[in-house]
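# Inside the fold
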Amino acid sequence: MRTSLQPHGHDASNRQPWLKSLLRAGASALVVGSAIGASAVFAQDQQGQAEPEVRDTATADEPVAEIIVSGIRQSLANAQSVKRDADTVVDAITAQDIGALPDRSVTEALQRVPGISINRFAGSNDPDHFSVEGSGVVVRGLNFVRSEFNGRSAFAAGVGGQALNFADVPAELLGSVIVSKNATAETIEGGLAGTVNLITRKPFDNNGFKFAFTGEANYGDFRKEWTPTVSGLISNTWDTDKGRFGLLASASYSRIKSRADGIQIANYQTRDGALVNAANTDGVRVCRNPLPGTTNTALLPAPGSACGVFGAAGVDGFADYAPSRVAPVGGQFRTQDFDRERFGIAASAQFESIDGKTLITAEFIRSASSNKWGEYTFETAPDLAEYSTYPLGCQQNQDYSINLRTELTDRLTVELDAQYATSRKENLDFSVFGSSFADQELDISGGLPSIIPHKPQFLGYTWSTPGADLANATEAQYFNDPRFQFWRAAMDHIEDSTGKQYAFQADFGYEFDDDAFIRKAKW
């Protein structure tokens, strides 16, 4: 219940006379305070005229110190500005200093962005081969990522092409990387997960003459070799009576030799005595042989018993078959040598009119990368024991583009963009598969598995007596003697793919009044 008390039949000026008195006192105090303040200012002015200030000529002639914010702090501020001013959800990595992108690979730099992860394997469907610098990029769990160079479509020719392999792009050529996680109406389709835009440096990014050079040495602790990384940039701008001109050229060379060692456990299988189809077959049956348990209440079945027979009741001093267990097929270990070379160049020219309404930008980008790697692998499955692989791959991309932006009026803007891009991929991959029979001792109780191959205990059937050399060979002799091994298969992959792209884009923008419902239209 709400109760209100309201006066009736009285003049409003008679209400709460103490409040009116208080307001008059406050107004009077304010006027007096203002008068005192004005008098103080007037007195200071009079005193200033009577006694002129004595200037320190030494201090007055000294230039005022200027604080320039650069480095990591400025890079973070630029990235925040890009994210704040964007029309959609984006994240950015910027490098205020030349050649200061935080990683030597664009792929590794992208993993710093929230919501983005990279693949540490050489391929998304190949967990047996590691990648030292990372491979694919995943945006919020999706791997359909579209790639761009300076806002223009970039692609890679060949099998698995479409988006660039970001590890093939030198990080030293880039000024920033922008990741768009959502699409706007003007975004070209193709990036289901998002779009990664690689932005190179331009002459107008820094006024005047600029020269930069960086050199690094990389050391692989497994490979025990040193490799170089060098990059350079030169840029200059000129102010003329026709407008402002700028030229920029940069180049980068990088080589990394590395080695990756791996130890893995093959597939885990259910061992329950059931009869099932063999892997990669249709109708061929195989028994999932059971494993021993911890009790002794049954007799082991006789040799040649049907699958699923666990033996009659009794005690024979041997452990009974367990109803169900899960065990790995075996282990595998490998060593891989990598030799990656990457070379990139970028050139840019810009012109801006005197009134600042017209801007022309021409760019050329070339990125080439080669990766040689060899592998030695010992695997459990006989038909997958891969002794050596010697692939050689090279992929290069070139991009020519020109952009014109001009303001026809204070409200109407026109932007024209033309692009010609090429891509070529060469790949030579040759694998040789060898096989041998072996037993394996596998211990998976520790932090890392322990895998020890052994000479097989079973050397032949009753109708095939093994030779004396095989029977008497030690384990070292067995695994090193070519008589006890055989070549199973060889596989090659040869690819020479090329691609070209021509693109032209025209955008028109019109700005309305600031108080209008629609402030800007673009088509």
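In the block above lies the structure referred to throughout.
Residues numbered from 1 in each chain as written. Predicted model: local features only at pLDDT ≥ 70, side-chain atom pairs only at ≥ 80, totals over all residues. Heavy atoms only, no water.

## A closer look at the overall build of the chain
The secondary structure content of the chain amounts to six helices and 25 strands. Within the chain, residue pairs in contact and separated by at least 24 positions form 63% of the contacts whose partners lie at least 6 positions apart. Of the roughly 32,400 Å² that the chain leaves accessible, carbon and sulfur atoms contribute 56%. (Helix = DSSP H or I, 4+ residues; strand = E, 2+ residues; numbered from the N terminus. Contact = heavy atoms within 4.5 Å. Areas by Shrake-Rupley, 256 points an atom, 1.4 Å probe, with all protein chains shown as cover.)

## Some points on the sheet that holds strand S9 (residues 194–200)
Strand order across the open sheet formed by five strands is S1-S8-S9-S6-S7, with mixed pairing between neighbours. Since the sheet does not close on itself, it has two edges, and those belong to strand S1 (90–94) and strand S7 (152–154), each with one partner. Taking each pair of neighbouring strands and ignoring which way they run, the sheet shows an average axis angle of 25°. The pairing of strand S6 (residues 145–149) with S7 spans three bridges and is classified as antiparallel. Bridge pairing links Ser-147 to Ala-154 in S7. (Pairing = 2+ DSSP bridges. Axes fitted to C-alpha atoms, helices over the stretch in contact; angles between N-to-C directions.)

## Concerning the packing of aromatic side chains
Taken as a whole, this structure holds 13 aromatic pairs when the rule is applied. Summarising the aromatic geometry, the rings of Phe-364 and Tyr-400 are spaced 4.8 Å apart at their centres and angled 45° between planes, so their arrangement reads as tilted. With Phe-364 in strand S18 (residues 358–378) and Tyr-400 in strand S20 (residues 392–407), this residue pair connects regions lying 36 residues apart in the sequence. Site record: aromatic cluster; members linked through ring pairs are Phe-333, Phe-378, Tyr-478, Phe-479 and Phe-484. (Phe/Tyr/Trp six-rings, centres within 6.5 Å; stacked < 30°, edge-to-face > 60°.)

## A short note on the environment of Ser-435
Here Ser-435 lies in strand S21 (residues 412–435). With 54 residues separating them in the primary sequence, Ser-435 and Ala-489 have C-alpha atoms 9.2 Å apart.

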